[in-house]
Amino acid sequence: MKPVDFSTKLIDWYDKNGRKNLPWQVSDSYCVWISEIMLQQTQVNSVVGYFKKFIERFPTLTSLAKAETDDVLSLWSGLGYYNRARNIHKTAIVCFENHKGILPNQLDELMALPGIGRTTAGAILSLSDDLSFPILDGNVKRVVSRVFTIGADKSSELTKKLWLKVEKLMPEKNARKYNQALMDLGSMVCKRTKPDCQQCPFIHECKALKSNQIKLYPQKNKKPKQLEKTLYVLMVKRNKKILLQKRDNSSIWPGLWFLPVFSTNTELSNTISLQHGKIIETFSVQHILTHRKLTIEVTVVQFGAEDSIESIKGQWQDIENISNLPHPTALNKIVGF
Ligand code: SF4
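Residues numbered from 1 in each chain as written. Predicted model: local features only at pLDDT ≥ 70, side-chain atom pairs only at ≥ 80, totals over all residues. Heavy atoms only, no water.

1. Things to note about the pairing of strand E1 (residues 227–238)
Reasoning step 1: Pairing geometry for E1 and strand E6 (residues 292–303), over 12 bridges, is parallel. Its bridge partner lying in E6, Leu227 is registered against Arg292.
Reasoning step 2: Pairing of E1 with strand E4 (residues 261–262) involves two bridges; the strand directions are antiparallel. Its bridge partner lying in E4, Val233 is registered against Val261.
Reasoning step 3: Where E1 folds back on strand E2 (residues 241–246), the antiparallel hairpin that results is connected by two residues, among which Asn239 adopts a positive phi of roughly 50°. (Pairing = 2+ DSSP bridges. Helix = DSSP H or I, 4+ residues; strand = E, 2+ residues; numbered from the N terminus.)

Below, the structure is given as structure tokens:
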């Protein structure tokens, strides 16, 4: 299939079926950038609410650059992958200081910013300014590798081949519609499992469908083995407050608020024995991170109104106020909201 036939069919499909009312579908590179970062590893439906709140709180890149990191992280609580939020904040500061408070409109300048790779840069330029730059996110990889049955022995080779293909397919005009159409087709029709081929504009051309090889594309990289780790955490309660610590930068969840963590159960028990509190409950919670499976062993200790804790640094926080603090979702599981 010629590139022009591919893009024409795709855009026709988009005109009839694509998404046109997402809150970030505006000619504003700041909004497109924030949405693109939020959409990494997260579904559109889950992102809409977070995006609206974020833009309401930080309507411009300058307002984001001037924010405290903690405020940015709190609005990210629940989305996970907190490095994305930290990079967004760093990028806003760099643009404020070096690019007159706006995102640059050159591919290489965008890609030099924290957290912006080639796909995000291409999405910013095409979706906000209609400039002809290809993208290669998970949805695009799936559609293109299936329609043209593109594979390779090594994952780096595969990525190279796919980039070459999307460069060739990219039309000079209608970049905004075309890239949005590819992403929409991937997420709405050419789904990972059970693609709805009857609704696909490439039903007659798709090589994977013709050869009954849909399951083989996109080729899967070997996943790194998931590491297992146990954390021993202490939940100290006093009235309607719990003791939280701000995680340091070299730990899991850097900069987020969480319960005091101990590397062994003995260390945790020794700490409790120095205090006056009573153990009222112990339970365990499973939590999955990208490459790590955590078992969190929780010991709940009740303190009286007058008791103070000496050997653990931390701050007493109202349980009801936790949702306003930047915290990992694991804390929600433990506290029970
Ligand atoms: S025909 Fe099916 S497998 Fe092929 S691109 Fe369309 S939805 Fe995907």
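Once the structure has been displayed, the description carries forward.
2. Notes on the domain arrangement of the chain
Reasoning step 1: Each domain of the chain was delimited in the assignment, giving domain 1 (3–216) and domain 2 (227–335).
Reasoning step 2: Computed over C-alpha atoms, the centres of domain 1 and domain 2 are 37 Å apart.
Reasoning step 3: Taken together, the contact pairs eight residues of domain 1 with 13 residues of domain 2.
Reasoning step 4: Summed over both sides, the interface of domain 1 with domain 2 buries roughly 730 Å², with 52% coming from carbon and sulfur.
Reasoning step 5: Linking domain 1 with domain 2 are one salt bridge, by the criterion used here.
Reasoning step 6: Between Asp70 and Lys246 there is a salt bridge whose closest N-O contact spans 3.2 Å.
Reasoning step 7: Here domain 1 is connected to domain 2 by five residue pairs in polar contact (both at pLDDT 80 or more).
Reasoning step 8: When residues of the side of domain 1 that touches domain 2 are assigned to their parent elements, the largest contribution, three residues, is made by helix H5 (residues 69–76).
Reasoning step 9: Partitioning the side of domain 1 that touches domain 2 into residue classes produces three nonpolar, three polar and two charged. (Domains from an automatic or database assignment. Contact = heavy atoms within 4.5 Å. Buried area = accessible area lost by both parts, 1.4 Å probe. Salt bridge = Lys/Arg side-chain N within 4 Å of Asp/Glu carboxyl O. Polar contact = N/O pair within 3.5 Å; in protein donor to acceptor, adjacent residues only side chain to side chain. Nonpolar A, V, L, I, M, F, W, Y, C, P; charged D, E, K, R; others polar.)

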